[in-house]
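Reading the structure
The primary structure of each chain is shown beneath.
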Amino acid sequence: MTVQTAAPRPAPPTPPGGPAGRAPGRPSPAARLVAVLRGGLVQVLLTVVALVWLTPTAGLFVSSLRDADDNAGSGWWSALVHPGSLTFDNYSAILGDSGITQAFWNTVLISVPATAAVVVLAALAGYAFAWLEFPGRDWVFLVVVGMLVVPVQIGLLPVARLFGAVGLFGTTAGVVLFHVAYGLPFAIFLLRNYFAEIPREMLEAARMDGGSEWTIFRKLVLPVGRPAIASLAIFQFLWVWNDMLVALIFAGSDAQPLTVALQSQMRQFGANIDVLAPGAFLSLIVPLAVFFAFQRHFVEGVMAGSVK
Amino acid sequence: MSALTRNKVPSAPAGGTAPAAVRRRSRRARVTAIAFALPALALLGALVGYPILFSVGRSLFDASGDRFVGLDNYQEMFTDPASLKAVRNTAIWVVAAPAVLTGVGLVLAVLTEKIRWATAFKLLIFMPMAVSFLAAGITFRLVYDQDPQRGVMNAVAVAVHDAFNDSSAYPGARPRGTDVMKESGNGGFQAVAQAEPGKDVTLGLVGLPPASLPQQARPAAPAQVSDDAVTGVVYLDFVPGGGGTPGAVDPQERGLPQMAVELTKGGEVVATTTTGDDGSFRFPDAGDGPYGVRLPPKNFAEPYTGIDWLGPTLVTPAIIGAYLWIWTGFSMVLIGAGLSSLPRETLEAARMDGASEWQIFRRITVPLLAPVLGVVFVTLVINVMKVFDLVYIIAPGPVQEEANVLALQMWLVSFGGGNNQGLGSAIGVVLLLLVLPVMALNIRRFRRSSR
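Source: prediction; values computed, not measured.

**Here we look at the domain arrangement of chain B**
Along its sequence, chain B is carved into domain 1 (72-140 + 309-449) and domain 2 (174-299). Each of domain 1 of chain B and domain 2 of chain B has a C-alpha centre, and these two points are 58 Å apart.

**Points about the interface of chain B and chain A**
Facing the 108 residues of chain B at the interface are 111 residues of chain A. When residues of chain B are sorted by the area they lose upon contact with chain A, Phe36(B), Leu47(B) and Arg150(B) head the list and together hold 8% of the total. Where chain B meets chain A, there are zero salt bridges. The tally of links between chain B and chain A comes to eight residue pairs in polar contact (both at pLDDT 80 or more). Looking at the side of chain B that touches chain A element by element, the count peaks at 22 residues for helix α2 (residues 20-58) of chain B. When the residues that make up the side of chain B that touches chain A are grouped by side-chain class, the tally is 68 nonpolar, 22 polar and 18 charged.

**Description of the side chain of Ser64(A)**
Residue and element names in this part refer to chain A. Examined against the element boundaries, Ser64 turns out to sit in helix α1 (residues 29-64). Owing to a relative accessible area of 0%, Ser64 belongs among the buried residues under this scheme. For Ser64, the side chain forms a polar contact with the main-chain oxygen of Phe61, separated by 2.6 Å. The residues touching Ser64, leaving out its near neighbours within four places in the chain, are Thr87, Asn90, Tyr91, Ala277 and Pro278.

**A few points about the packing of aromatic side chains**
Applying the stated criterion across every chain yields a total of 36 aromatic pairs over all chains. Seen from their ring centres, Phe141(A) and Phe446(B) are 5.2 Å apart, and the 55° between their planes marks the pair as tilted. Of the two residues, Phe141(A) sits in helix α5 (residues 137-147) while Phe446(B) sits in helix α14 (residues 421-449), which places them in two different chains. For the pair formed by Phe141(A) and Phe446(B), the shared burial category is buried. Ring geometry for Tyr392(B) and Trp411(B): centres 5.1 Å apart, planes at 70°, overall edge-to-face. Within this pair, whereas Tyr392(B) is found in helix α11 (residues 389-394), its partner Trp411(B) is found in helix α13 (residues 406-414), the two being separated by 19 residues in sequence. The exposure class assigned to Tyr392(B) is buried, which follows from its relative accessible area of 17%. Residue classification places Trp411(B) among the buried residues on the basis of a relative accessible area of 10%. Here a set of aromatic residues connected by ring pairs shows up, and it is made of Phe129(A), Phe134(A), Phe141(A), Phe189(A) and Phe446(B).

**Quick notes on a positive patch on the surface**
Residue and element names in this part refer to chain B. A cluster of basic residues, Arg23, Arg24, Arg25, Arg27, Arg28 and Arg30, forms a positive patch at the surface. By secondary structure assignment, the location of Arg28 is in helix α2. On the basis of relative accessibility, which here comes to 63%, the residue Arg28 falls in the exposed class.

About the thresholds
Residues numbered from 1 in each chain as written. Chains lettered and ligands numbered in written order. Predicted model: local features only at pLDDT ≥ 70, side-chain atom pairs only at ≥ 80, totals over all residues. Heavy atoms only, no water. Domains from an automatic or database assignment. Contact = heavy atoms within 4.5 Å. Buried area = accessible area lost by both parts, 1.4 Å probe. Salt bridge = Lys/Arg side-chain N within 4 Å of Asp/Glu carboxyl O. Polar contact = N/O pair within 3.5 Å; in protein donor to acceptor, adjacent residues only side chain to side chain. Helix = DSSP H or I, 4+ residues; strand = E, 2+ residues; numbered from the N terminus. Nonpolar A, V, L, I, M, F, W, Y, C, P; charged D, E, K, R; others polar. Buried < 20%, exposed > 50% of the residue type's maximum accessible area, 1.4 Å probe, protein only. Phe/Tyr/Trp six-rings, centres within 6.5 Å; stacked < 30°, edge-to-face > 60°. Patch = residues over 30% accessible without salt bridge, like charges linked within 9 Å, V, L, I, M, F, W, Y side chains within 5 Å. Areas by Shrake-Rupley, 256 points an atom, 1.4 Å probe, with all protein chains shown as cover. Lys, Arg positive; Asp, Glu negative; His and termini not counted. Charge placed at Lys NZ, Arg CZ, Asp CG, Glu CD.

Here you go:
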């Protein structure tokens, strides 16, 4: 994580000659005892918080490893006492279900292009807004800044009509386009601000050498902008991977991602935990892997996006 | 510092004497710039800009889109009960969730500074941010499940409840007919015949599956009759597989152990006891009767099954709880970053001056952190107004209307069967209007930073 913990405070030097040698302002032994006790309290409190935070995911995971009868008969926590009853059968069952595997594949087919397109389009536009001159540039950029907080809800109906008119409604391409459009304001904002920090002399030198803007963009701006692009890509990927609302409306039954396929099972909740629990775990395993592999970029992306 | 002002491409020499070559080059630069920006801007214009205008216009027409109705759709939002419920719930969300999240995040951020495993802790709390609302929703449907054998919240609630209250052993048991016992009100039963020392009271119950009897239950046997004690037996008046005489103790019939029995005289309880393994009970040293014998209601109460988390009253707070699980990491990490950039010397100086940790927190940390807290709060408000998936997934079908929020209502009205695009557009426009102040704030903040 980027966030640093506080630098450890230097330990107070032990007074050389017992309490008598104590410099004024040093904590007394009693005060230090109170501090130690309070520190212990903090440890206990945060341990409890950590356990509480872990419990829901642990419950989902353990439930996903129990067969339907076990889940119907007793709480998932009883499996902690009898771990022998755990099985991967639920996972083999849903992985053998062509509907679920197709939905998983659809999720990939939506997330990867939507991420790539946002990165490419936003990098191009970000560079133009930062370093190229065109009429109305600053004014247009303010509009983009304004679009940062536009809720997707306002776009659902009109875009559905628009896509219906041009035959994109229900297709994977339509879902991807919608995600790209609503990912762009933040992406452009992030990359433009990052690119603007590139030293002017660097670009001037490249231009003097006769490089075209396209060459400068590819050879200089993109490599320098890698950290911001990485944060953006991870953020956008997770955003699209985790989306349900957009896909619920724009994806036809052949194109529906995992989130939509699973929510259609919610009506029978309780009777089908053996499908829902492993399904939910399947859908969150990719984000978790991305999160742990790129935690720093992810946290940075979230923090940069905190105006979105 | 921003590039808006400082990266002006060197402009052509003033005075209109620019050579044609320079002008041509600058025109080419402009074309290049537009080529870079155009794909993104075209998409934004078509899928974000145009829809805003379209929605505003569409919201002024009726469901089918043929008739101009002015502001009727907006009025309907605040009169139609389902939409009004959504407006109210969204207000609850906006008032409660960001404030609680910012507060909890602040406390956790300050506390994590005091532990060595802060990185692991932050990682764990932040992790739910990576997970979809769908997966979180399924997770919390399970957490909040009504059945204490499945939902961990109710398992805890029941465990806590039962630790302080005896759970009843025989829910659903009842006498066969009303000849021997009648209901004594609020779920208990009373022997019809009066009891006296030296006479035996036989109380048969039915309505219990034989398998549900406690293991220690023995074949029913009356306590030894004696002149100075009221005695009797409580038993399950049922022979598996049939046979036996109703109202009499048959050899295969078992007593009901641990049943509470009350002895009353003139309506007052004078003694209480519990039955033995064979169902027998005995009130020794009883004077002359007549007495009454009662089986108090606590024997028969339905077991406590916990709290109805996803019922109509608690569903919104419960879903907000799930939202807290997801977003606490966000506010904690952002506030933590702000915290680590605070001037250490100020804090140390205050400590040296003998300020308590609480004073430092109230008087120094919080005021210095105010800008960060503001950003966190505003971000949360914007996100909370758009919450959809979590409500859609966690609220069970029958209580969905009780948990409704604007973003969900917008979907229900326009796509989920309502088929009223006029009202749907109006809700979308209202959601946009609600974020307008933040939009203005963003633009102003940006313009100021780029000056």
